[in-house]
Amino acid sequence: MSHKRIPKRKAAFAAGTVVALGAAAILLPNANASQDGSSNDAAAVAPKPLKATDASDLASQLQKLLGDAFAGSYYDADSRQLVVNVTAGNTSVVVQAKQAGAKVRVVDNSLTELAAGAKTLKDRATIPGTSWAVDPRTNKILVTADSTVTGAKWNTLESTVKSLGSDMATIKKSAGTFKTFVSGGDAIFGGGARCSLGFNVTAGDGSPAFLTAGHCGVAAEQWSDSETGQPIATVDQATFPGNGDFALVKYDDPATQAPSEVNVGGGQTVAIQQAADAEVGSQVFRMGSTTGLADGQVLALDATVNYPEGTVTGLIQTNVCAEPGDSGGSLFTQDGSAIGLTSGGSGDCTVGGETFFQPVTTALQAVGATLGAGDAAGGAGGDQAGGGEAGAGAGAGDEAGAGQEAGAGGDASASPGDEAGAGQEVGGEQAGGDVIGGQDAGNGQDAGNGQDAGNGQDAGNGTGDAGQSHN
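Residues numbered from 1 in each chain as written. Predicted model: local features only at pLDDT ≥ 70, side-chain atom pairs only at ≥ 80, totals over all residues. Heavy atoms only, no water.

Quick notes on the overall build of the chain
The helix and strand inventory of the chain stands at eleven helices and 24 strands. Counting across all 471 residues of the chain, residues that qualify as buried make up 59%. Accessible surface, the chain: about 17100 Å² in total, of which carbon and sulfur atoms supply 47%. (Helix = DSSP H or I, 4+ residues; strand = E, 2+ residues; numbered from the N terminus. Buried < 20%, exposed > 50% of the residue type's maximum accessible area, 1.4 Å probe, protein only. Areas by Shrake-Rupley, 256 points an atom, 1.4 Å probe, with all protein chains shown as cover.)

Structure follows, in structure tokens:
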């Protein structure tokens, strides 16, 4: 595990909460003035091209600005535009949104009406194996049922969806089974379970800690960086099921150095600069101890998932694959924004499926923690990692099962090679772009392929743990 435990020196952490990404601060002051100086010529301003992270920040600001007229938003990756839904009948808010740089779409369903539909589903159809979330691209509630929802359960769900009307909700079947992605094996271990570390943080009392999934936090109180090793961290807070799926776990050694970065395999890391809210349509990356690096798209927000253990609300829905052992792992963007923690879903990294993530911003606020800047240089290679020399420990595989349990070899390479795009989907323009989009981190050879990111050579032994304290 690569948290670099250095007993005589405390790690340096950067204090701070969620950082605004800046787009709206530039755009919104001019929301009432067009390019020609008039106050209401919305047509004179074309939607502005934005990065996904800037679009997310602008969406948050527009939601406050537009009030009840705001009906959701999403990011159009092809045009690099933020699309904002507004309800009909309020011309002034359309002007404001357009002047701010967004593309405006008038829709029928308000967020209040969609929330009422979700409440009906909760009251009538809270069935294990189901989920629902608002899809701003269709302005409807997307209801999903896994393979266990059959017979009377399916009839109940279907009739409830139909009662909402075809203009309010749609339903689809998932081939897999909704479950949390916890398993026995490598990465962080507790009580016979295996999970992945999400992001290193600073707890409210200033001590080093990390975030992981809440269902991992309730599964065991103490966690180790090897299957047979001594505990190195203890659960401080955990929420699952209920209003989220997150846990704060404090390192037992207060001198633990825990850098704010995600290890994507092959000795490569992505520095985590801030926490940010997810935006529908944006590209995101997931790192986990079983499957390594995978990428996909945010599909919906504020998802409700009815796991066998209970209902969890407020999750992010994506099409990023995940498998058992990936629970708690990092969901982040190319430019270093922490987005979520892996919760659960259906399918795997061979056939795909639906996956759900705990928003990091919500988790940080709930546990009173902040993302820590840490010592990135130390975390990348390190002179002590997992209790041994980084150079020697990186190839040992003693703690992670020599490649058989830590990433399962072939399984781990399936996702990064196919999903991350071998450097084609993400360029190396920004800090960490080379890591995610290059050949080392996204082509199945170094990132999570059973050799570097999850095979006992790097995963769980000190330098390349796909879900450890680099995350």
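Examining the pattern of salt bridges
Enumeration over the complete set of coordinates arrives at six salt bridges. Where Asp135 meets Arg137, a salt bridge forms, and the shortest distance between an N and an O atom there is 3.4 Å. In this structure, the salt-bridge partner of Lys250 is Asp236, at a minimum N-O distance of 3.7 Å. Of the two residues, Lys250 is situated in strand β14 (residues 246-251) and Asp236 in strand β13 (residues 233-239); the sequence distance between them amounts to 14 residues. Residue Asp236 is classed as partly exposed on the basis of its relative accessible area, which comes to 39%. Beyond isolated ion pairs, a larger network of salt bridges with shared partners links Asp205, Asp236 and Lys250. (Salt bridge = Lys/Arg side-chain N within 4 Å of Asp/Glu carboxyl O.)

A closer look at the side chain of Asn109
Within the secondary structure, Asn109 sits in the loop between β3 (103-107) and α4 (111-125). The class for Asn109 is buried, based on a relative accessible area of 6%. A polar contact of 2.8 Å, which involves the side chain of Asn109, links it to the backbone oxygen of Asp167. (Polar contact = N/O pair within 3.5 Å; in protein donor to acceptor, adjacent residues only side chain to side chain.)

Here's the deal with the packing of α4 against helix α5 (residues 151-164)
Where α4 contacts α5, the axes come no closer than 10 Å and their chain directions differ by 155°. Classified by the angle between their axes, α4 and α5 sit roughly antiparallel to one another. When the axes of α4 and α5 are compared, the crossing they make is right-handed. Residues Gly117, Thr120, Leu121, Arg124 and Ala125 of α4 touch α5, and the partners they reach there are Thr156, Leu157, Thr160, Val161, Ser163 and Leu164. When its residues are assigned to classes, the contact of α4 with α5 shows five nonpolar, five polar and one charged. (Axes fitted to C-alpha atoms, helices over the stretch in contact; angles between N-to-C directions. Parallel < 35°, antiparallel > 145°, perpendicular 65-115°, else oblique. Left-handed = near helix turned anticlockwise from the far one by under 90°. Contact = heavy atoms within 4.5 Å. Nonpolar A, V, L, I, M, F, W, Y, C, P; charged D, E, K, R; others polar.)

Examining the sheet that holds β3
Strands sit in the order β1-β2-β3 across an open sheet of three strands; the sheet is mixed. Only two strands of the sheet have a single neighbouring strand rather than two, namely β1 (70-76) and β3. Sheet twist, expressed as the average angle between the axes of neighbouring strands with direction ignored, equals 25°. One ladder, built from five bridges, connects strand β2 (residues 81-87) with β3; its direction is parallel. From the neighbouring strand, Thr87 faces β3, where its bridge partner is Val107. (Pairing = 2+ DSSP bridges.)

Topic: the sheet that holds strand β12 (residues 222-223)
Taken in spatial order, the six strands of this open sheet run β12-β13-β14-β11-β10-β24, and their pairing is antiparallel. Each edge of the open sheet carries a strand with a single partner, namely β12 and β24 (370-371).

Here we look at the environment of Gly129
Considering the arrangement of structural elements, one finds Gly129 in the loop between α4 and β4 (130-135). The exposure class of Gly129 is buried, given its relative accessible area of 3%. C-alpha separation for the pair Gly129 and Thr144, spaced 15 residues apart in sequence, amounts to 8.3 Å. Leaving out residues up to four positions away in the same chain, Gly129 has contacts with Thr144, Ala145, Asp146, Thr148, Val149, Phe178 and Asn306.

A short note on the state of the cysteines
Under the criterion given, the structure shown has two disulfides. The disulfide partner of Cys195 is Cys216, and the gap between their sulfur atoms is 1.9 Å. Judged by the sign of its S-S torsion, about -90°, the bond between Cys195 and Cys216 is left-handed. In this pair, Cys195 sits in strand β9 (residues 193-195) while Cys216 sits in helix α6 (residues 214-217), placing the two residues 21 residues apart along the sequence. Cys216 matches Cys195 in its accessibility class, with the two residues each being buried. With a sulfur-sulfur separation of 2.0 Å, Cys321 is cross-linked through a disulfide to Cys349. (Disulfide = S-S within 2.5 Å.)

Considering the pairing of strand β5 (residues 140-145)
For β5, the buried fraction is high: five of the six residues fall into the buried class. Bridge analysis of β4 against β5 gives six bridges, and the strand direction is antiparallel. Within β5, the position partnered with Ser131 by the bridge is Thr144. With antiparallel pairing between neighbouring strands as the criterion, β4 and β5 make up a hairpin whose turn holds four residues, including Asn139 at a positive phi of roughly 60°.

Some thoughts on the packing of helix α2 (residues 52-66) against helix α3 (residues 91-99)
Packing of α2 against α3 leaves a shortest axis separation of 11 Å and a crossing angle of 155°. One way to sum up the angle between α2 and α3 is to call them roughly antiparallel. Pair α2 / α3 crosses with right-handed handedness. Across from Leu62, Leu65 and Leu66 in α2, the residues of α3 making contact are Val93, Gln96 and Ala97. Here the residues of the contact of α2 with α3 are counted per class, giving five nonpolar, one polar and no charged.

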